[in-house]
Each structure stands twice: as structure tokens, then as C-alpha cells.
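Coordinates in review
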Amino acid sequence: MQRINIAVFASGDGSNFENLVNYFSGSAVARVALLVCNKPEAYALERARRLGVDASVVTKAELQQPELVLPLMRKYNIGFVVLAGFLPLMPNYMIDAFPQRMVNIHPSLLPKFGGKGMWGHHVHEAVKAAGETETGMTVHWVTPQCDGGTIIAQRRVALLPEDTADDIAHKEHLLEMEHFPKIIEELLLRCGD
Ligand code: GRF
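These lines cover the structure that appears in this document, whether it is placed above or below. (Residues numbered from 1 in each chain as written. Predicted model: local features only at pLDDT ≥ 70, side-chain atom pairs only at ≥ 80, totals over all residues. Heavy atoms only, no water.)

Examining unusual backbone geometry
- At the junction of Leu110 and Pro111, the peptide bond is cis and its omega measures out at 10° in the coordinates.
- Of note, Pro111 is situated in the loop between strand S5 (102–106) and helix H5 (121–129).
- In this structure, Phe113 takes a positive phi of about 55° despite not being glycine.
- Locating Phe113 in the fold gives a position in the loop between S5 and H5. (Helix = DSSP H or I, 4+ residues; strand = E, 2+ residues; numbered from the N terminus.)

Examining the pairing of strand S1 (residues 4–10)
- Most of S1 is tucked away: seven of the seven residues are buried.
- Where burial is concerned, the two faces of S1 agree: the one with Ile4, Ile6, Val8 and Ala10 and the one with Asn5, Ala7 and Phe9 are both buried.
- Across seven bridges, the pairing between S1 and strand S2 (residues 30–37) is parallel. The partner of Phe9 across the bridge, within S2, is Val36.
- At this point the chain moves from S1, through helix H1 (residues 15–24), to the parallel S2, and the crossover so formed is right-handed.
- In terms of strand pairing, S1 meets strand S4 (residues 78–84) through five bridges, oriented parallel. From the neighbouring strand, Ala7 faces S4, where its bridge partner is Val81. (Buried < 20%, exposed > 50% of the residue type's maximum accessible area, 1.4 Å probe, protein only. Pairing = 2+ DSSP bridges. Right-handed = clockwise from strand over helix to strand, strands pointing away.)

Describing the pattern of salt bridges
- Throughout the structure, instances matching the rule amount to seven salt bridges.
- Its salt-bridge partner being Asp13, residue Arg47 comes within 2.8 Å of it at the nearest N-O pair. Of this pair, Arg47 sits in helix H2 (residues 43–51) while Asp13 sits in the loop between S1 and H1, placing them 34 residues apart in sequence.
- For Arg47, a relative accessible area of 11% puts it in the buried group. (Salt bridge = Lys/Arg side-chain N within 4 Å of Asp/Glu carboxyl O.)

Topic: H1
- Burial analysis of H1 places eight of its 10 residues in the buried class, the great majority of the element.
- The set of residues buried in H1 consists of Ser15, Asn16, Phe17, Glu18, Asn19, Leu20, Val21 and Phe24.
- Along its buried surface, H1 packs onto S1, S2, H2, S4, S5 and helix H6 (165–191).
- Backbone geometry just after H1 places Gly26 at a positive phi near 80°. (Contact = heavy atoms within 4.5 Å.)

Points about the packing of H1 against H2
- Following both chains from N to C, one finds H1 and H2 inclined at 20°, their axes separated by 9 Å at the closest point. Considering the angle they form, H1 stands roughly parallel to H2. H2 is crossed by H1, and the crossing has right-handed handedness. Seen from H1, the contacting residues are Ser15, Phe17, Glu18, Val21 and Asn22; seen from H2, they are Ala44, Arg47, Ala48, Arg50 and Leu51.
- Here the contact of H1 with H2 is built from residues that sort into five nonpolar, two polar and three charged. (Axes fitted to C-alpha atoms, helices over the stretch in contact; angles between N-to-C directions. Parallel < 35°, antiparallel > 145°, perpendicular 65-115°, else oblique. Left-handed = near helix turned anticlockwise from the far one by under 90°. Nonpolar A, V, L, I, M, F, W, Y, C, P; charged D, E, K, R; others polar.)

Comments concerning the sheet that holds strand S3 (residues 55–57)
- Taken in spatial order, the seven strands line up as S3-S2-S1-S4-S5-S6-S7 in an open sheet, and their pairing is mixed. Pairing within the sheet leaves two strands with one partner each, and these edge strands are S3 and strand S7 (151–158). Each adjacent strand pair in this sheet contributes to an overall mean axis angle of 20°, direction not counted.
- Strands S1, S2, S3 and S4 of the sheet are contacted by helix H3 (residues 66–75), whose axis makes an angle of about 155° with S2.

If you want it as C-alpha cells, here you go:
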């Protein structure tokens, strides 16, 4: 099986990006070849510089231009796309270009706490306000609907009544760090079948 080049799309901190770079470093299955970021000030870009991974800033407006983004994907021979904290909706031409080859991670147990406006701390605050006894992470295929694609995998963690929204965010983040790379690796091994 040929090693698959992954492009990670991120808008902010990029902790999942870094975790994926480290997980796949030296892997025969895949490597993170490119970070695409829509925000020039995002910390994810700093991580890319430090890790020696190529990065490209593609603004929300530029994302609408297939003639700009598709050649970038070809240049890096991208075979799989990971959205990790990427806020703009992915345009249809990209979804069509990566059928069953583009996943998103969402910090709740979808379909709960998903959809427009449900990102980052908004999700964890909503989980707290709803008095949930558990939360978790969801990996799903990307479709034109926000947080709407078929669910691939979920991992869950119990919550205590005294957990704050920050505690909930922390517990959920630990799940992402532990499980997201492994879930992607399993998918990639299936892609290669
Ligand atoms: C993660 O919680 C992910 O589930 C969500 O956005 C966050 C991204 O965090 N989609 P980071 O930028 O990878 O640190």
C-alpha cells in the first residue's frame, strides 16, 4: 500500500493537527503533508512551522475557488482530508473531489450539540447547560450539511455534576488526542483495501 498524504484543515489552535503529525511521523500508512488554514493568525500555522510541515493560508473567499485549491491538493498528492477545527463550510467541489476521503471531528456526541454555531466552547457550554451525564467526540464523513455526514466513530466519557464547561472541554479533548489518529488510521487502512 502506498503511503497516503493527508491534508489537515484547521482554523485555530491546531492541537489535533500536531497530534496527527506526531502520530503519523514514521508511519508506513500515511503522513500529514499539508496544513490548510483560513486564518493567517491561527496558532496552527505556528505549530506547522515548528514541526516542519508545509502550510498554506486559504481564506474563506479563496476556498470558494476550485482553480486555486484543487491544484494545491494535487501539488501535495493529497489522498485524504481531515477537518479539525475548520470553521468554514467545505464547498461541494472539495466534497466531490474526496468522496469517502474527507472526515470532520466534532466535540460532542452528534447529533446532539451539532450544527451552525456549535463549535469550540459553545458546544461544551451547551452540554453543561443541558446537564448531560456524558459527552464525547464524533468523527463523521463530510457532506454539504454542517455536522450532518454519516457518523464513522464516537468515543464517550462520563461527566460529573460538578464538571464546569472547561472540565467538559478538557475531558473531551483528551478523547480527541487518544482516539482521533487511530480512527483515521483504521479508515486509511480500509481505503487501501
Ligand atoms: C476540536 O475540539 C474539534 O473537535 C473541533 O474543533 C476543535 C479543534 O481543536 N472541531 P484544535 O484546533 O485541533 O486544537
